[in-house]
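# Descriptive analysis of the structure
One letter stands for each residue in the lines below.
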Amino acid sequence: MKEHTHAQAAAEFIKDDARTHWHDETLWHVRSKRDLSAQGIPEWETLRDRASATKDYVLSHLGELLEQFESNALANGVEVLWAKDAKEHNEHVYRILQENKVENIVKSKSILTEECGLNHYLEDKGYDVVDTDLGERIIQFAKQAPSHIVLPAIHLKKQDIGEIFHKHIGTDKGASDPGYLTEAARQHLRKKFVEANAAITGVNFGIAETGGFVVCTNEGNADMGTHLADIHIACMGIEKLIPRAADLGVFLRLLARSATGQSITNYSSHFHKAAPGKKLYIILVDNGRTEQLAREDFKNSLKCIRCGACMNTCPIYRRSGGYSYNSTVPGPIGSILSPGKDLKKFSTLPFASTLCGSCSDVCPVKINIHEQLYKWRQVITENVDMGASKRLSMRVAGATFGKPVLYDLAGKMARTALKFTPDSLVYSSLNVWGKHRDLPEVPKESFKEWYKKNRN
């Protein structure tokens, strides 16, 4: 089956003009909250510098830090497992559930388990996996994937959620009050927490020095699951390490402010060992991370702490929606990570960018996102067939831009033609750029001509 390009998938999202504008404005509001929160800290840039330098150290010492983390976790009585890919990760989880005769599972938000397709895998094995983050539960009911890594149901309005809850948990028909819907979700989930034998969580930060890890949530759902269940399975990408517990304060101050504009997440929960009579497992997952680490131009993408700030600021993501990227992590950072997994499938994502640099400006760990997007474009152009028409147009453009006489002549011809050509021809199917926007007013002369006349 042919994969949709980003532009084709985005076209579906923007058919609903009102929703597109609402999505854009909502995410920009979150970005604005981030700015206000960041501006309230004089040392904000110092924190970013420290976080970036710490992650640089992690990436250059990843092997020894992972061994240190494993050694300390084992000393804490934790069972540590390694997974080279999604298949091994899912098999580890299934084996743990089988060995411990688990019947009921609750899961907190975890981008890694989404990446590994854990829910579908376990459902095929007969398990009912209950996502307990409110946004995740909403999209789970709707049989959708998250459209944003922090705000998974941001593409849905409260009226949509009201209909979903009416269908799945019996709320009043037409009810859309957020307070009412949240209370209904709380009552629905409470029983699930009490019945659960196992809780699955992601990991925000693993601390090599202690062998412990931290899970950040705003709803306390990870705590509810892990405290009540006898089995806790923590799923952690190998890049999520930080060297010392002392480094944690820097990242906690950056994470929530960058994600939602909060000073800190409501719950930053620390796990070191299992409570008496319970079991704690940590699965360390590669799944393409070491391959990305080996790519000198793209390894900095592994510094990402999954705050979603680049998505909230990106003019393309805000107007095209998360599903247009067809990947677990959408937006600018996803457009760097995804081509490393499948260059052909995700070849259009690095081009879904204005290269404005706003993503790099807001990144709390100073990933050079727009520069990496530009670099991926070069890699893709060299390695992926872009089609005969595009190759031809690029050759013509290259020849034109390479010769000033040709460039000046082409500019004059285009300015003259556009003055007399009717709109029906200008905005034909051949002009993809003009599909959703008007061309700028045609200038009377080029800048070069204007400069020659006015330079004195």
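Just so you know, these numbers come straight off a predicted model, no measurement behind them. (Residues numbered from 1 in each chain as written. Predicted model: local features only at pLDDT ≥ 70, side-chain atom pairs only at ≥ 80, totals over all residues. Heavy atoms only, no water.)

## Re the overall build of the chain
Across its full length, the chain holds 22 helices and ten strands. For 456 residues, the compact-globule estimate of 2.2 N^0.38 gives 23 Å, and the chain sits close to it at 25 Å. For the C-alpha atoms alone, the extent of the chain along its principal axes is close to 85 × 55 × 50 Å. Evaluated residue by residue, the chain yields a buried proportion of 47% over its 456 residues. Pairs at least 24 residues apart make up 73% of the contacts formed inside the chain by residues separated by at least 6 positions. About 23100 Å² of surface is accessible on the chain, with carbon and sulfur atoms providing 54% of the total. (Helix = DSSP H or I, 4+ residues; strand = E, 2+ residues; numbered from the N terminus. Rg over C-alpha atoms; globule rule 2.2 N^0.38 Å. Buried < 20%, exposed > 50% of the residue type's maximum accessible area, 1.4 Å probe, protein only. Contact = heavy atoms within 4.5 Å. Areas by Shrake-Rupley, 256 points an atom, 1.4 Å probe, with all protein chains shown as cover.)

## Brief notes about the side chain of R31
Counting through the fold element by element, R31 comes out in helix 2 (residues 17-39). With a relative accessible area of 14%, R31 lands in the buried category. A polar contact of 3.4 Å, which involves the side chain of R31, links it to the side chain of S358. (Polar contact = N/O pair within 3.5 Å; in protein donor to acceptor, adjacent residues only side chain to side chain.)

## Here we look at the state of the cysteines
Enumeration over the complete set of coordinates arrives at zero disulfides. C363 provides the cysteine sulfur closest to C307, a residue in no disulfide bond, and the two sulfurs are 6.3 Å apart. (Disulfide = S-S within 2.5 Å.)

## Notes on the nonpolar core
With 48 residues, the main nonpolar core has F205, F251, I333 and I369 as its most contacted residues. Examining the composition of this core, we find that seven residues originate from one element, helix 12 (residues 248-260), more than from any other. Viewed by domain, this core spans two of them, domain 1 (6-11 + 290-383) and domain 2 (41-287), each represented by three or more residues. Here I369 is in contact with C310, P332, I333, I336, C359, S360 and C363, once residues within four sequence places are set aside. The next biggest cluster of nonpolar side chains, apart from the first, holds 22 residues, and it includes A83, V129, A198 and C235. (Core = buried A, V, L, I, M, F, W, Y, C linked by side-chain atoms within 4.5 Å. Domains from an automatic or database assignment.)

## Some points on the domain arrangement of the chain
One can read the domain layout of the chain as domain 1 (6-11 + 290-383), domain 2 (41-287) and domain 3 (388-454). For domain 1 and domain 3, the distance between their C-alpha centres works out to 29 Å.

## Here we look at unusual backbone geometry
Although it is not a glycine, N287 adopts a positive phi angle of roughly 50 degrees. Within the element layout of this structure, N287 appears in the loop between strand 10 (279-285) and helix 13 (289-293). By relative accessible area, which is 14% here, N287 ends up buried. Although it is not a glycine, N326 adopts a positive phi angle of roughly 55 degrees. Looking at N326, the relative accessible area reads 42%, which means it is partly exposed.

## With respect to the packing of aromatic side chains
Inspection of every chain in the model, using the stated rule, returns ten aromatic pairs. Seen from their ring centres, F213 and F271 are 5.3 Å apart, and the 20 degrees between their planes marks the pair as stacked. One end of the pair, F213, is in strand 6 (residues 212-217); the other, F271, is in strand 9 (residues 267-271), and 58 residues separate them in sequence. Note on F271: relative accessible area 11%, which makes it buried. A connected cluster of aromatic rings, assembled from ring pairs, spans Y94, Y121 and Y127. A cation over an aromatic ring shows up here: K125 above the ring of Y94, its NZ or CZ 4.9 Å from the ring centre. (Phe/Tyr/Trp six-rings, centres within 6.5 Å; stacked < 30°, edge-to-face > 60°. Lys NZ or Arg CZ within 6 Å of the ring centre and 35° of its normal.)

## So, helix 4 (residues 62-75)
Helix length check: helix 4, at 14 residues, gives a terminal C-alpha distance of 20 Å against a target of 20 Å (1.5 Å per residue), a fit within 8%. G77 sits one or two positions beyond helix 4 and adopts a positive phi of about 90 degrees. (Expected span 1.5 Å × (residues − 1).)

## Some details on the packing of helix 2 against helix 12
Contact geometry of helix 2 with helix 12 gives a least axis separation of 6 Å together with a crossing angle of 140 degrees. Contact residues: helix 2 offers V30, K33, R34 and S37, while helix 12 offers R257, S258, A259 and T260. Class assignment for the residues of the contact of helix 2 with helix 12 results in two nonpolar, three polar and three charged. (Axes fitted to C-alpha atoms, helices over the stretch in contact; angles between N-to-C directions. Nonpolar A, V, L, I, M, F, W, Y, C, P; charged D, E, K, R; others polar.)

## Here we look at the sheet that holds strand 9
Pairing is mixed across the open sheet formed by four strands, whose spatial order is 8-5-6-9. With one partner strand each, in any of the chains shown, strand 8 (241-242) and strand 9 form the two edges of the open sheet. The sheet contact formed by strand 5 (residues 205-207) and strand 8 spans two bridges and is parallel. Along strand 8, the bridge assignment pairs G206 with L241. Running over the sheet, helix 11 (residues 221-228) touches strand 6 and strand 9 and is turned about 30 degrees from strand 9. (Pairing = 2+ DSSP bridges.)

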